[in-house]
Structure formats: structure tokens, C-alpha cells
Amino acid sequence: MATTNESIPEVLSATTEPYEDLLRQACETALAFLAKLDSASVATTADLSTLRARLGRPLSDEGVAADQVIAELAADAEGGIIGSAGGRFFGWVIGGSFPAALAADWLTSAWDQNGAVYATSPAEAVVEEVVGAWLKEILGLPGHASYALVSGCQMAHVTCLAAARYAVLTRHGWDLDEKGLSGGPEIRILASDQKHGSVARALRLLGIGRSQIVDLETDAMSRVIPEALEDALQGTTGAPAIVVLQAGDINTGACDPFEVLIPLAKQHGAWVHVDGAFGLWAAASRKLRHLVRGVEGADSWATDGHKWLNVPHDCGYAFVAHPESHRAAMSQQSSYVSYSGDARDEMEWNPEWSRRARGFATYATLRHLGRAGVSALVERCCAHAKTLGERIGALPGAELLCGATLNQAVVRFPDPKPGATEADHAKRTDAVIAAINATGEAYFTASMWKGRRVMRISVSSWQTSEQDVERVVRAVEGVTG
Ligand SMILES: *Cc1c(COP(=O)(O)O)cnc(C)c1O
């Protein structure tokens with residue numbers, strides 16, 4: 001029961017210079033963490049029960065001094081922070097943070113702006129105008145495309161596919177806003193059979209079920225086969241259709257043959273959405289751009305800032321070639337919100353209401369790197385992925401299944417015993433991955449690819465150096481040899 005409130009808790013009355021010492025302490029703690037990244041274990045060293053025991057402190061009535069909270073948080077989390085900010089992390093596609101990006105992200109937190117509309121943060125709204133134009137230029141997307149800075153590629157899919165759903169239903173004379181989906185024409189989704197789970201989840205959130213999705217067969221590299229799309233399109237005549245393709249398969253890094261597939265889909269009146277979470281960044285390099293040739297002809301694109309561009313987490317980008325459909329799908333007008341006449345009101349394009357002013361980190365990163373810097377980042381990661389695939393694949397007991405054409409390679413560790421089955425190979429591959437990760441020298445993750453258990457090699461951090469590549473090959477050799 002609440003007692004009468006004659007005294008304000010001490011924690012709320014400590015107003016004299018509460019920031020200075022605390023932020024310095026946090027900064028020093030962060031710098032000490034970053035300085036140790038190169039020597040620390042990439043894998044975590046504290047297990048679940050240890051973390052629960054340390055962090056599961058009782059919630060007190062009186063609160064705890066802020067400097068003590070920060071010091072204990074850092075100590076308690078020790079060993080539970082995975083080394084994905086460093087250069088020897090190759091599991092999933094995660095990426096680190098550039099110093100410029102991290103610094104801008106700290107400012108973003110200090111400024112604590114609400115990036116909802118121009119009125120809640122004019123500087124953020126203008127930064128998003130600038131960043132949107134820069135990103136379209138770097139990624140080779142149409143200048144007239146609308147865009148939204150969202151929390152990640154998952155929400156970029158939701159944003160783009162909401163625009164797609166609105167557009168294809170409107171073309172079929174259905175008023176989605178008024179009637180919802182119920183009773184309307186059934187939307188057909190034609191999507192790569194290798195599509196990322198976030199695509200299926202975005203569709204589910206938008207009220208589109210599994211039975212409405214046609215899986216398109218892919219080739220040995222996980223690229224959609226044009227005949228498969230052609231056949232599927234024949235089967236959808238007249239229905240509102242959305243084709244979902246990908247730039248950057250999570251295993252092979254391969255991109256669908258957009259130059260052939262997109263015109264085909266357009267002939268049948270379908271909307272084309274591209275999952276380019278990391279692969280779309282090939283467009284930033286003159287040497288690699290051919291991998292995504294024709295991608296600019298799609299209707300919408302989803303990608304990430306927090307993966308390959310190496311900005312801190314909470315950053316994805318949605319682009320839509322039909323701004324009117326995008327705006328119609330997202331727009332929300334409320335009497336208490338102040339809308340601007342000509343500045344960017346982010347809420348018109350985003351699925352969120354209040355939101356982090358996430359444009360600053362991207363702005364700082366793109367300005368810092370310039371066009372050549374982004375290109376070099378992308379090319380260097382690809383070169384390291386190629387070397388890692390070849391060198392690890394050449395080790396005794398290893399097999400290279402798919403060399404890197406982008407920043408992903410696929411290897412496995414077959415069981416050498418005579419008559420070994422797929423299950424034996426899978427067991428051995430998992431065991432080798434666990435043994436590598438246990439050394440603390442590198443971190444890899446497993447995946448299923450075309451029915452086989454594999455180890456993915458994913459290079460997406462600016463931190464990964466040639467020395468890291470050497471060190472990682474030696475670590476894998478130590479485990480398999
Ligand atoms: C990571 C990833 C996603 C999801 O992106 P988030 O930023 O994690 O939401 C979607 N598609 C592909 C191919 C990915 O690699």
C-alpha cells in the first residue's frame with residue numbers, strides 16, 4: 001500500500017551535476033570493453049544460471065545510486081556479452097559499429113529526441129531527408145522512391161509489404177482501409193523457397209496466411225529459377241499478386257536474377273518486393289554491383305543499417321517506388337499531433353508512433369565513409385569471406401560447399417567414417433562448430449542448407465582484418481587437425 005508521500009526519494013532529488021561523473025564512468029567502461037575485444041573470447045563465458053544469479057537482484061524500495069548501478073551492471077553482464085562488436089564474429093549476419101556511428105548513437109541518446117514528426121525533432125526530420133537521398137544514391141534505387149527508417153529489416157518488410165498490399169488491392173478496386181481484408185480478393189504471394197523467416201512473419205502480421213504463399217523453386221545457389229516464377233505467375237492470372245525476391249541468401253549470399261525475374265513479374269502486373277537485408281549493399285561497389293543488376297526495377301526494397309553498414313542496432317531501411325501507396329498504408333492523422341506543411345513528418349512513412357531518432361547514426365556513418373568508404377567496406381568483407389571459405393574448406397576434415405560470391409560462404413565437416421550418413425555429418429559439423437566457439441578465437445553458427453547441416457561463414461564487420469582471418473584459420477585448424 002502506498003504511504004503518504006511526505007518525502008521525495010533521495011534518487012529523485014539528486015539534481016546537482018548528476019551527469020558528469022556517471023557518463024564519464026560509462027564512457028570509460030565502454031572504452032575498456034572495446035579495448036579488450038581483440039583479446040577477449042568471442043563466445044560468451046558466463047552461462048544462463050550464472051547470469052540469472054548475478055543480474056536477478058531484488059528490486060529495492062529505495063533504489064540504488066546510479067554509479068553503483070552502472071558499475072554492477074557492467075560487472076554482472078561480464079561474460080554474457082557476445083563479441084559481435086569485434087572482428088572475429090562470423091555467426092549470423094550482424095556487423096559491428098563504426099566509431100562514428102557509435103558516437104552519433106550516444107548523442108542520439110543524450111538528445112533523447114522523439115523522431116515521430118518534424119515538430120518533435122526538426123533536426124532529425126531533416127537528417128532523415130538527407131539520409132534517405134544518400135541511401136537511394138548509394139544503393140542505386142530510384143530517386144523518387146519514398147523511404148522509412150525503421151527498427152530493422154523485419155519492420156522494413158512490414159512497411160513495404162503493407163504498401164504492396166494496399167497497392168495491389170486498390171488496383172483490384174478493393175477499399176482496404178474501409179473494409180479490411182475480409183471478403184476481399186485473395187492476395188497471392190510468390191516467394192523464393194529460401195526466403196528469410198522475417199518475410200513470412202511480416203506477411204502473417206499483415207493478415208496473409210501460409211496457404212496464400214507459393215514457394216518458388218531455387219537453383220543450387222538458392223536463386224529463384226525463372227521458369228518457376230513464370231509457371232507460378234500463370235497460375236495467378238487476375239489475382240492481386242506480390243512477388244518476393246532476395247538479394248543476399250543467408251547461406252550462399254546469392255542474389256536472385258532480378259534482370260530476368262522483375263520484368264517477368266511486371267508483365268503479369270505483380271508487385272515485386274526485395275529482401276536485401278545485407279545483399280542490397282553489393283550495389284555500393286562498382287565491382288560487385290553486377291550481382292544485383294536490375295534490382296532497381298522492383299517496387300519495394302528492405303535492407304538493414306545495423307548489419308553491413310555497421311551502425312548500432314535498431315536500424316533498418318524501407319524503400320517504396322510508389323510513395324502514394326506507401327503513405328496511404330502508413331499515414332495517421334491525429335488532432336493533437338502537429339504536422340508540418342513541407343518538412344518530413346516521419347510518422348507518415350513509419351509504422352511506429354514515438355520512435356528513436358535513428359537517422360543520426362546513419363548520417364554520421366555515411367558522411368564519415370563517403371561513397372568510396374562504403375564500397376571499400378563491402379568489398380573487404382567479401383574478400384575476407386572468400387579467403388575464409390577457401391582456407392577453412394581446404395583444411396583436412398573440412399569441405400567447402402559454397403565459396404563466397406558476396407560475404408557468405410558455406411562449409412561443413414563430414415564424418416570420415418565409412419558409410420557415414422547425413423545425420424553423422426551433421427553431428428560432426430555441429431561438434432566442430434562448438435569446439436571452435438569454445439576456443440574463444442572465433443564464432444560461427446550452423447544452418448540447414450539444401451538438406452545439409454552446414455557452418456556459415458558470414459563477414460559483415462568493418463573490424464575484421466587480415467590478421468583476424470589468419471588467426472581464425474589457425475583456430476579452426478587447431479580443432480579439426
Ligand atoms: C537479418 C535478416 C533479416 C531480418 O532483419 P532484421 O534487421 O534482423 O530485422 C531479413 N532478411 C535477411 C536475408 C536477413 O539476413
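Everything numeric here is computed off the predicted structure, so don't read it as measured data.

Here we take up the overall build of the protein. When helices and strands are tallied, the protein shows 15 helices and 11 strands. Over its C-alpha atoms the protein spans a radius of gyration of 24 Å, differing by no more than 12% from the 23 Å that the globule rule assigns to 481 residues. Counting only C-alpha atoms, the protein reaches 70 × 70 × 50 Å along its principal axes. Across the 481 residues of the protein, 49% fall into the buried class. Considering only contacts in the protein between residues 6 or more positions apart, those separated by 24 or more positions represent 73%. Accessible surface, the protein as shown: approximately 22,300 Å² in total, 54% of it carbon and sulfur. A distance of 6 Å separates the average location of the 42 positive side-chain charges in the protein from that of its 57 negative side-chain charges.

A covalent bond between the sulfur atoms of two cysteines is referred to as a disulfide. Across all of its chains, the model carries zero disulfides by this definition. Distance from the sulfur of Cys 255, which forms no disulfide, to the nearest cysteine sulfur (Cys 382) is 9.7 Å. Among the residues examined, Cys 255 registers a relative accessible area of 9% and is labelled buried. Cys 255 supplies the cysteine sulfur nearest to Cys 402, a cysteine that is in no disulfide, at a spacing of 12 Å.

This next bit is on the packing of aromatic side chains. Overall, the coordinates contain seven aromatic pairs when judged by the stated rule. Aromatic pair Phe 89 and Tyr 443: ring centres 5.2 Å apart, planes at 10°, arrangement stacked. One end of the pair, Phe 89, is in the loop between helix H4 (66-77) and helix H5 (99-111); the other, Tyr 443, is in the loop between helix H14 (422-439) and strand S10 (445-449), and 354 residues separate them in sequence. Accessibility assignment for this pair places Phe 89 and Tyr 443 in one class, buried. Geometrically, the ring pair formed by Trp 134 and Tyr 363 is stacked, given 5.2 Å between the ring centres and 15° between the ring planes.

Moving on, we get to unusual backbone geometry. The phi dihedral of Trp 92 falls on the positive side, at around 45°, and the residue is not glycine. Examined against the element boundaries, Trp 92 turns out to sit in the loop between H4 and H5. Its relative accessible area of 42% is what places Trp 92 among the partly exposed residues. The backbone of Asp 112 sits at a positive phi, close to 45°, despite the residue not being glycine. Relative to the helices and strands, Asp 112 is located in the loop between H5 and helix H6 (122-139).

What follows concerns the sheet that holds strand S7 (residues 316-320). What the seven strands build is an open sheet, ordered S1-S7-S6-S5-S4-S2-S3; its pairing is mixed. Each edge of the sheet is formed by a strand with only one pairing partner; in this case those strands are strand S1 (146-150) and strand S3 (213-216). Between one strand axis and the next, the sheet turns by 15° as a mean value, whatever way the strands run. Relative to S3, strand S2 (residues 188-192) runs parallel, the two sharing four bridges. Opposite Leu 190, over in S3, you have Val 214 as the bridge partner. Helix H7 (residues 153-171) contacts S1, strand S4 (241-246), strand S5 (271-275), strand S6 (300-304) and S7 of the sheet and is inclined by roughly 175° relative to S5.

Now for the domain arrangement of the protein. It is common to give the size of an interface as the accessible area lost on bringing the parts into contact. In terms of domain boundaries, the protein breaks down into domain 1 (15-82) and domain 2 (102-366). Centre-to-centre separation of domain 1 and domain 2, based on C-alpha positions: 36 Å.

Turning to its location among the elements, Arg 358 is positioned in the loop between helix H12 (323-330) and helix H13 (359-393). At 3.2 Å, the side chain of Arg 358 and the side chain of Glu 352 are in polar contact. The residues contacting Arg 358, other than those within four sequence positions of it, are Glu 124, Leu 149, Val 150, Ser 151, Asp 314, Cys 315 and Glu 352.

Cut-offs applied
- Residues numbered from 1 in each chain as written.
- Predicted model: local features only at pLDDT ≥ 70, side-chain atom pairs only at ≥ 80, totals over all residues.
- Heavy atoms only, no water.
- Helix = DSSP H or I, 4+ residues; strand = E, 2+ residues; numbered from the N terminus.
- Rg over C-alpha atoms; globule rule 2.2 N^0.38 Å.
- Buried < 20%, exposed > 50% of the residue type's maximum accessible area, 1.4 Å probe, protein only.
- Contact = heavy atoms within 4.5 Å.
- Areas by Shrake-Rupley, 256 points an atom, 1.4 Å probe, with all protein chains shown as cover.
- Lys, Arg positive; Asp, Glu negative; His and termini not counted.
- Charge placed at Lys NZ, Arg CZ, Asp CG, Glu CD.
- Disulfide = S-S within 2.5 Å.
- Phe/Tyr/Trp six-rings, centres within 6.5 Å; stacked < 30°, edge-to-face > 60°.
- Pairing = 2+ DSSP bridges.
- Axes fitted to C-alpha atoms, helices over the stretch in contact; angles between N-to-C directions.
- Domains from an automatic or database assignment.
- Polar contact = N/O pair within 3.5 Å; in protein donor to acceptor, adjacent residues only side chain to side chain.

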